[in-house]
Amino acid sequence: MAINFNNALGIHPQALSLREQRGEILAANLANADTPDYKARDLDFSSVLQQTLQSEPRINKTNVGHMEASNSVLGADLLYRNPHQASLDGNTVEAHVEQAKYAENAVQYQASLRFINNKFAGLMSAIRGE
Amino acid sequence: MSSLNIFDIAGSGMNAQNLRLNLVASNISNANSVSSSLDQVYRSRQPVFAAELQNIMDKNDAASGVDVLGVVESQAPPIMEYAPQHPMADELGYIYKPNVNTVEEMANMMSASRAYENNVEVLNTAKNLILQTLKMGQ
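Keep in mind that this is a model prediction, so the values were computed, not measured.

The rules behind these values
Residues numbered from 1 in each chain as written. Chains lettered and ligands numbered in written order. Predicted model: local features only at pLDDT ≥ 70, side-chain atom pairs only at ≥ 80, totals over all residues. Heavy atoms only, no water. Helix = DSSP H or I, 4+ residues; strand = E, 2+ residues; numbered from the N terminus. Buried < 20%, exposed > 50% of the residue type's maximum accessible area, 1.4 Å probe, protein only. Rg over C-alpha atoms; globule rule 2.2 N^0.38 Å. Contact = heavy atoms within 4.5 Å. Areas by Shrake-Rupley, 256 points an atom, 1.4 Å probe, with all protein chains shown as cover. Lys, Arg positive; Asp, Glu negative; His and termini not counted. Charge placed at Lys NZ, Arg CZ, Asp CG, Glu CD. Phe/Tyr/Trp six-rings, centres within 6.5 Å; stacked < 30°, edge-to-face > 60°. Lys NZ or Arg CZ within 6 Å of the ring centre and 35° of its normal. pLDDT = per-residue confidence, 0-100. Salt bridge = Lys/Arg side-chain N within 4 Å of Asp/Glu carboxyl O. Expected span 1.5 Å × (residues − 1). Core = buried A, V, L, I, M, F, W, Y, C linked by side-chain atoms within 4.5 Å.

(A) Structural detail: the overall build of chain A. On a plain count of helices and strands, chain A comes out with four helices and two strands. Traced from its N-terminal end to its C-terminal end, chain A shows the element sequence α-α-β-α-β-α. When each of the 130 residues of chain A is scored for burial, the buried share is 34%.

The following block contains the structure:
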């Protein structure tokens, strides 16, 4: 019986990669906290999961000139954040909200990492047969 | 490795806030630089930030750093003060003081330093996560 890494690891590698992307987006939000007209953005995890489960065909970019399909981040649309208190210069970044989301995302990343590590540990003990 | 993007993004944010701090320092230190004509007087300098767009066609490309478009001088009128005994006074007896609002600058400084801290925090967290990822499976 061959070990299939895709089956063995489940959804966790995708989750890890999504969380990495989300971290990047939240970091961009925080970096642009003082940029006029910048709109804070975020990903919706459940819509990514939905897309992954439906396994719709993905379009690959093979040329720089190609326009991006509307769903590019692992099948999830990037959404705009609804600010609690919009500022006058059109910036919708609220540092406390972004910080909380970033911390949440970091913890989720660590959770995904832990899941993968445990899967690997399981595989290792199966291979060793101890 | 795409997660290294986060270093560029947070780095550009720190760079922008650092410039802002520099300008605050320049404004505050020149707040009392008196001059004897309107066009020589120091004017408050402010940075202009914009989001760095990597690919304008890509509406999902959100991860953008901060671009510093430049530094503008405040258009507020400098303060004219009648002080005929001042050594810098012009022939009408006026001296000109910069349009720097020190209270505003102090608030600006606090905001810049907090934003800088946020970026450092983001960078530290990202670094820890990447280091943990490198140890995956061990």
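(B) Focus on the overall build of chain B. When its secondary structure is counted, chain B shows two helices and four strands. The secondary structure elements of chain B, listed N-terminal to C-terminal, are α-β-β-β-β-α. Relative to the 2.2 N^0.38 estimate, which gives 14 Å for 138 residues, the radius of gyration of chain B is 22 Å and therefore markedly larger than a compact globule would have. Residues counted as buried form 37% of the 138 residues belonging to chain B. Taking contacts inside chain B between residues at least 6 apart in sequence as the whole, the part at least 24 apart equals 62%. A total accessible area of about 7,900 Å² is found for chain B, and carbon and sulfur atoms account for 55% of it. The positive charge centre, built from 8 side chains, and the negative charge centre, built from 14, are 9 Å apart in chain B.

(C) Fine view of the packing of aromatic side chains. Tallied over the full model, the rule gives one aromatic pair over all chains. Ring geometry for tyrosine 82 of chain B and tyrosine 94 of chain B: centres 5.3 Å apart, planes at 65°, overall edge-to-face. Taken together, the positions of tyrosine 82 of chain B in strand 3 (residues 79–82) and tyrosine 94 of chain B in strand 4 (residues 94–97) put the pair twelve residues apart, joining distant regions of the chain. Classification of tyrosine 82 of chain B as exposed rests on a relative accessible area of 54%. Residue placement shows arginine 41 of chain A over the ring face of tyrosine 80 of chain A; its charged tip is 4.2 Å from the ring centre.

(D) Structural view of the confidence of the model for chain B. Looking at chain B as a whole, its pLDDT mean stands at 88, while 91% of the residues score no less than 70. As a predicted assembly, this complex carries a pTM of 0.81 together with an ipTM value of 0.80.

(E) Representation of the pattern of salt bridges in the model. The full count for this structure, using the stated rule, is seven salt bridges over all chains. Between lysine 97 of chain B and glutamate 81 of chain B there is a salt bridge; the shortest N-O distance is 2.9 Å. A residue pair is termed long-range when its members are at least 10 positions apart, and lysine 97 of chain B in strand 4 and glutamate 81 of chain B in strand 3 qualify at 16 residues. Among the residues examined, lysine 97 of chain B registers a relative accessible area of 25% and is labelled partly exposed. Given the relative accessible area of 31%, glutamate 81 of chain B is considered partly exposed. Put simply, arginine 114 of chain B and glutamate 117 of chain B hold a salt bridge, and the shortest N to O gap is 3.4 Å. Here glutamate 117 of chain B and arginine 114 of chain B lie together in helix 2 (residues 102–134), a separation of three residues that amounts to about one turn. Residue arginine 114 of chain B is classed as partly exposed on the basis of its relative accessible area of 45%. One connected set of salt bridges, linked through shared partners, spans Arg22, Asp42, Arg81 and Glu98 of chain A.

(F) Fine view of helix 1 (residues 5–29) of chain B. Under the 1.5 Å per step criterion, the end-to-end length of helix 1 of chain B is 36 Å for 25 residues, consistent within 8% with the ideal 36 Å. Those residues of helix 1 of chain B that fall on the buried side of the exposure criterion are Ile6, Ile9, Ala10, Ser12, Gly13, Met14, Ala16, Gln17, Arg20, Leu23, Val24 and Asn27 of chain B.

(G) Molecular detail of the confidence of the model for chain A. Scored by pLDDT, chain A comes out at a mean of 82, with 82% of its residues at no less than 70. Averaged pLDDT values over the elements of chain A bottom out at 72 in helix 3 (residues 45–54) of chain A and peak at 91 in helix 4 (residues 95–128) of chain A.

(H) Summary view of the environment of proline 84 of chain B. Residues and elements named next belong to chain B. By secondary structure assignment, the location of proline 84 is in the loop between strand 3 and strand 4. For proline 84 and valine 120, which are 36 residues apart along the polypeptide, the C-alpha to C-alpha distance reads 50 Å. What proline 84 contacts, discounting residues up to four positions off in sequence, is Ala89 and Gly93.

(I) Region of interest: unusual backbone geometry. Not every positive phi belongs to a glycine, and aspartate 37 of chain A is a case in point at roughly 70°. With respect to the helices and strands, the residue aspartate 37 of chain A is situated in the loop between helix 2 (12–31) and strand 1 (41–43).

(J) Inspection of the nonpolar core at higher detail. Ranked by internal contacts, the top residues of the largest apolar core, which has 17 residues, are Ala27 and Tyr102 of chain A together with Ile6, Ile9, Val66 and Val122 of chain B. Those elements that provide at least two residues to this core are helix 2 of chain A together with helix 1 and helix 2 of chain B. The element best represented in this core is helix 2 of chain A, accounting for five residues. Counting residues in hydrophobic clusters, the runner-up holds six residues, among them Ala106, Leu113 and Ile116 of chain A together with Leu129 of chain B.

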